[in-house]
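Residue-level listing of the chains:
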Amino acid sequence: MGRINIAIDGPSAAGKSTIAKMLGSRLNYIHLDSGAMYRCTAYKADQMGLDIEDEAAICKMLEDTSIVLTENGDVILDGTCVSKEIRTDAISQLASRVSKLEKVRADLVARQMEMAKDKGFIMDGRDIGTVVLKDAEVKVFLTATARARAMRRLKQNNDQQIATSDLETIEKEIEERDYRDTHRAASPLKKADDAVEIDSSNLCAEEVLDAIYALVLEKIQKEDF
Ligand code: DC
């Protein structure tokens, strides 16, 4: 069976990474979490004491920054595993702010295109179907209500023992990030014309996975990849 590329976009905490990881195991594809790269950028800029909206300083920092997404899902920043450190609510907010910067996006998008230049990748983010992998054979736009997403994020933080705010605060932060992600000038979050929208508010992870898996099989069989 031939291989394709799959783009999964959608707002914060809609379950993109969870689903992409599960789909990766089922198809034996590599999952690339593009948001982790914005998180690494925000994390390093914060550690260096840079102003998170200083585009020139952050681009300069990136010239000397290595971000590796490993096949088993670890995130390696300049040789150190930061998988857990980049998941805090504080870094979520900083990552959303840094992702507004056009030149920062250009740098990270180029890296993402290079990583997925062959087939057999599932990449999740905000602009994968519209910018990074415009030619992806399957594109999904995964949504859920802000409340449903906040509840999942709270559970994830607790399960992974990550310091967390309460439900109301998480929901408010998700709404703030939604606003920033959809209103920024550079590659705002939006559904690609050829993406299939799935609202996961009332679906469990397996149901979402099955729906996307069916789209993949249909594509592969129909087009004879
Ligand atoms: O998916 P995430 O929550 O880990 O992403 C962190 C931030 O990075 C999010 O606020 C938006 C931004 N992002 C983006 O602008 N483009 C992407 N392809 C992925 C993430």
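One can find the structure itself at the top, above this paragraph.
Residues numbered from 1 in each chain as written. Predicted model: local features only at pLDDT ≥ 70, side-chain atom pairs only at ≥ 80, totals over all residues. Heavy atoms only, no water.

(A) Main features of the site of the ligand. R39, R105, R126, D127 and R184 are the nearest of the 15 residues found near the ligand. Separating a nitrogen atom of the ligand from a side-chain N or O atom of D127 is a distance of 2.8 Å. Here an oxygen atom of the ligand sits 3.3 Å away from a polar atom, N or O, in the side chain of D181. When the ligand sits alone it has 450 Å² of accessible area, and the protein chains cover 98% of it. For the shell around the ligand, the elements supplying multiple residues, two or more each, are α2 (34–47), α4 (89–98) and α8 (167–183). Its residues assigned to classes, the shell around the ligand shows three nonpolar, five polar and seven charged. (Near = heavy atom within 4 Å. Polar contact = N/O pair within 3.5 Å; in protein donor to acceptor, adjacent residues only side chain to side chain. Areas by Shrake-Rupley, 256 points an atom, 1.4 Å probe, with all protein chains shown as cover. Helix = DSSP H or I, 4+ residues; strand = E, 2+ residues; numbered from the N terminus. Nonpolar A, V, L, I, M, F, W, Y, C, P; charged D, E, K, R; others polar.)

(B) Just the nonpolar core, in detail. I58 and I86 are the most contacted members of the largest nonpolar core, which totals 35 residues. Counting residues per element, the ones that place at least two in this core are α2, α3 (55–63), β3 (67–69), β4 (75–77), α4, α5 (102–115), β6 (121–125) and α6 (128–132). Here this core takes seven residues from α2, the largest share from any one element. A14, L27, V138 and V208 belong to the second largest nonpolar core, which has 19 residues in total. (Core = buried A, V, L, I, M, F, W, Y, C linked by side-chain atoms within 4.5 Å. Buried < 20%, exposed > 50% of the residue type's maximum accessible area, 1.4 Å probe, protein only.)

(C) Main features of the sheet that holds strand β7 (residues 138–143). The parallel open sheet is built from five strands, whose spatial order is β2-β6-β1-β7-β8. Of all strands in the sheet, those with a lone pairing partner are β2 (30–33) and β8 (196–199), marking the two edges. Taken over all neighbouring pairs, the strand axes of this sheet differ in orientation by 20° on average, direction set aside. Looking at chain direction, β7 and β8 are connected through four bridges and run parallel. Its bridge partner lying in β8, V140 is registered against V196. The sheet contacts of α2 involve β2 and β6, and relative to β2 the element is tilted by about 40°. Across the sheet, helix α9 (residues 205–223) touches β1 (6–9), β7 and β8, and the angle it forms with β7 is around 165°. (Pairing = 2+ DSSP bridges. Axes fitted to C-alpha atoms, helices over the stretch in contact; angles between N-to-C directions. Contact = heavy atoms within 4.5 Å.)

(D) Here's a closer look at the environment of A90. Along the chain, the position of A90 falls in helix α4. Spatially, the C-alpha atom of A90 lies 36 Å from that of L215, the residues being 125 residues apart in sequence.

(E) How the structure looks around the side chain of D181. With respect to the helices and strands, the residue D181 is situated in helix α8. In contact with D181, other than residues within four places in its own chain, are S12, S96, S99, R126, P188 and L189.

(F) Seen up close, helix α1 (residues 16–27). With twelve residues, α1 should cover 16 Å at 1.5 Å per step; its first-to-last C-alpha distance of 16 Å lies within 8% of that length. Elements in contact with the buried residues of α1: β1, β2, β6, β7 and α9. Backbone geometry just downstream of α1 places N28 in the positive-phi region, at approximately 60°. (Expected span 1.5 Å × (residues − 1).)

(G) Here's a closer look at unusual backbone geometry. In this structure, A13 is a non-glycine residue whose phi angle is positive, near 60°. You can see A13 is positioned in the loop between β1 and α1. Despite not being glycine, Q161 shows a phi value in the positive range, around 55°. Here Q161 is to be found in the loop between α7 (146–159) and α8.

(H) Main features of the pattern of salt bridges. The tally for this structure, following the rule as stated, stands at 18 salt bridges. The shortest N-O distance in the salt bridge between K44 and D78 comes to 2.7 Å. On the criterion of sequence distance, the pair formed by K44 in helix α2 and D78 in the loop between β4 and β5 (80–81) is long-range, its members being 34 residues apart. Judged by its relative accessible area of 14%, K44 falls in the buried class. With relative accessibility at 36%, the residue D78 sits in the partly exposed group. A salt bridge links D194 to K139, with the nearest nitrogen and oxygen atoms 3.2 Å apart. Separated by 55 residues along the polypeptide, D194 in the loop between α8 and β8 and K139 in strand β7 bring together distant segments of the chain. Judged by its relative accessible area of 6%, K139 falls in the buried class. (Salt bridge = Lys/Arg side-chain N within 4 Å of Asp/Glu carboxyl O.)

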